[in-house]
Amino acid sequence: MYPAAALSVLMIATNAEFALQMACGPALFLAALPCLFYGENDLKGETDEEGSRDFRRKWNRISQKSRWFLDWGFFLLMTVILYGSIYQVVIDQNIMYEGKIATENITDMIVDQLLQEDLVSDEYRYVFVGTPVSSMQYFVDTNYSYANHYALYGAWYLGNNSAKSWKGVIRNIKGMNLNMVTGPEYDALSVSKMVESMPQFPKPGSILLDNDIVYVKVGNAN
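Report on the accompanying structure.

Quick notes on the rules
Residues numbered from 1 in each chain as written. Predicted model: local features only at pLDDT ≥ 70, side-chain atom pairs only at ≥ 80, totals over all residues. Heavy atoms only, no water. Helix = DSSP H or I, 4+ residues; strand = E, 2+ residues; numbered from the N terminus. Buried < 20%, exposed > 50% of the residue type's maximum accessible area, 1.4 Å probe, protein only. Contact = heavy atoms within 4.5 Å. Phe/Tyr/Trp six-rings, centres within 6.5 Å; stacked < 30°, edge-to-face > 60°. Core = buried A, V, L, I, M, F, W, Y, C linked by side-chain atoms within 4.5 Å. Salt bridge = Lys/Arg side-chain N within 4 Å of Asp/Glu carboxyl O.

## Some thoughts on the overall build of the protein chain
- Looking only at helices and strands, the protein chain has 7 helices and 3 strands in total.
- Reading the protein chain from its N end, one meets helices and strands in the order α-α-α-α-β-α-α-α-β-β.
- The 222 residues of the protein chain split such that 36% are buried.
- For the protein chain, restricting intrachain contacts to residue pairs at least 6 apart in sequence, the fraction spanning at least 24 positions comes to 67%.

Take a look at the structure:
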């Protein structure tokens, strides 16, 4: 019952869309299906009642005739589901790889611009607004809309989590440990009127220094 239970949980879980079920559920559930049809379907047993023997003979004839159709029907169904599962996993992997490349390219461009404008210093703090996926430079395949959310590299949560994500990405990709503004201060600064009036990177004015805080607007704060 474990495979069936695993698939059932996926079907009722929050945000478990069809694409997620295709990527995970069939791998657990398909193995259990043959057990339902390759067991012994014939009715056996000893009894002296003539009616029971007639019932067994009728049931066995029906079972033998229908078993071939059931076997092949479920074989075709499993083949289609398995193909869909493989197809969904391929989409997720491709989008995750392309999203990673796009995020790295955007990060390289931002850090290079900061260096050119001499805005990399321990004296500054940084407010990165938006996520890579909201950037005009985020280029991925057209299958992006069909991928599962976990495969969307660079589509992390906004708000204070966005600041932490940018800090980790810049550290891992460029080896730089920027002093990011976090917490309630970030929430207030990222939605200020000044930030709202800034264009999105890489347009001129998308990087701004104000009171020892460097603002980088990649996308909208909300």
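## Observations concerning the packing of aromatic side chains
- Applying the stated criterion across every chain yields a total of 1 aromatic pair.
- The interplanar angle of 35° and the centroid separation of 5.2 Å between the aromatic rings of F128 and W166 together place this pair among those described as tilted. Of the two residues, F128 sits in strand β1 (residues 125-129) while W166 sits in helix α5 (residues 160-174), which places them 38 residues apart along the sequence.
- Look at W166 and you get buried, because its relative accessible area is 0%.

## Observations concerning the environment of M176
- Tracing the sequence through the fold places M176 in the loop between α5 and α6 (183-189).
- The class for M176 is buried, based on a relative accessible area of 16%.
- Along the sequence, M176 and V111 sit 65 residues apart, while their C-alpha atoms lie 9.2 Å from each other.
- Setting aside residues no more than four positions away along its own chain, M176 makes contact with V111, V120, I170 and R171.

## Thoughts on the nonpolar core
- Counting 22 residues, the largest nonpolar core has I110, L114, Y126, F128, W166, V214 and V216 as the members making the most contacts within it.
- Mapped by element, the contributors of at least two residues to this core are α4 (50-116), β1, α5 and β3 (213-217).
- No other element matches α4, which puts 5 residues into this core.
- Ignoring any residue separated from it by four or fewer positions in sequence, one finds L114 in contact with L119, V120, Y126, F128, I207, V214 and V216.
- V127, A163, Y186 and M198 belong to the second-largest nonpolar core, a separate cluster that totals 11 residues.

## Some words on the side chain of S162
- Relative to the elements of secondary structure, S162 occurs in helix α5.
- Residue S162 is classed as buried on the basis of its relative accessible area of 0%.
- Those residues within four positions of S162 in sequence are excluded, and the remaining contacts are F128, G130, T131, W156, Y157 and Y186.

## Here's the deal with the environment of K203
- Along the chain, K203 turns up in the loop between α7 (193-197) and β2 (207-210).
- K203 gets classed as partly exposed once you look at its relative accessible area, which sits at 45%.
- In the structure, K203 is positioned 14 residues away from K217 in sequence and 9.7 Å away in space, judged by C-alpha atoms.

## A few points about the pattern of salt bridges
- Enumeration according to the criterion identifies 3 salt bridges in this entry.
- Its salt-bridge partner being E104, residue K100 comes within 2.6 Å of it at the nearest N-O pair. Taken together, the residues span about one helical turn, with K100 and E104 both in helix α4 at a distance of 4 residues.
- Looking at K100, the relative accessible area reads 34%, which means it is partly exposed.
- Close ionic contact of R125 with E185 constitutes a salt bridge, the shortest N to O distance being 2.6 Å. Of this pair, R125 sits in strand β1 while E185 sits in helix α6, placing them 60 residues apart in sequence.
- By relative accessible area, which is 28% here, R125 ends up partly exposed.

## Side note on the environment of M109
- Here M109 shows up in helix α4.
- The exposure class of M109 is partly exposed, given its relative accessible area of 32%.
- With 92 residues separating them in the primary sequence, M109 and F201 have C-alpha atoms 9.3 Å apart.
- Ignoring sequence-local partners within four residues, the contact set of M109 consists of Q137, F201 and P202.

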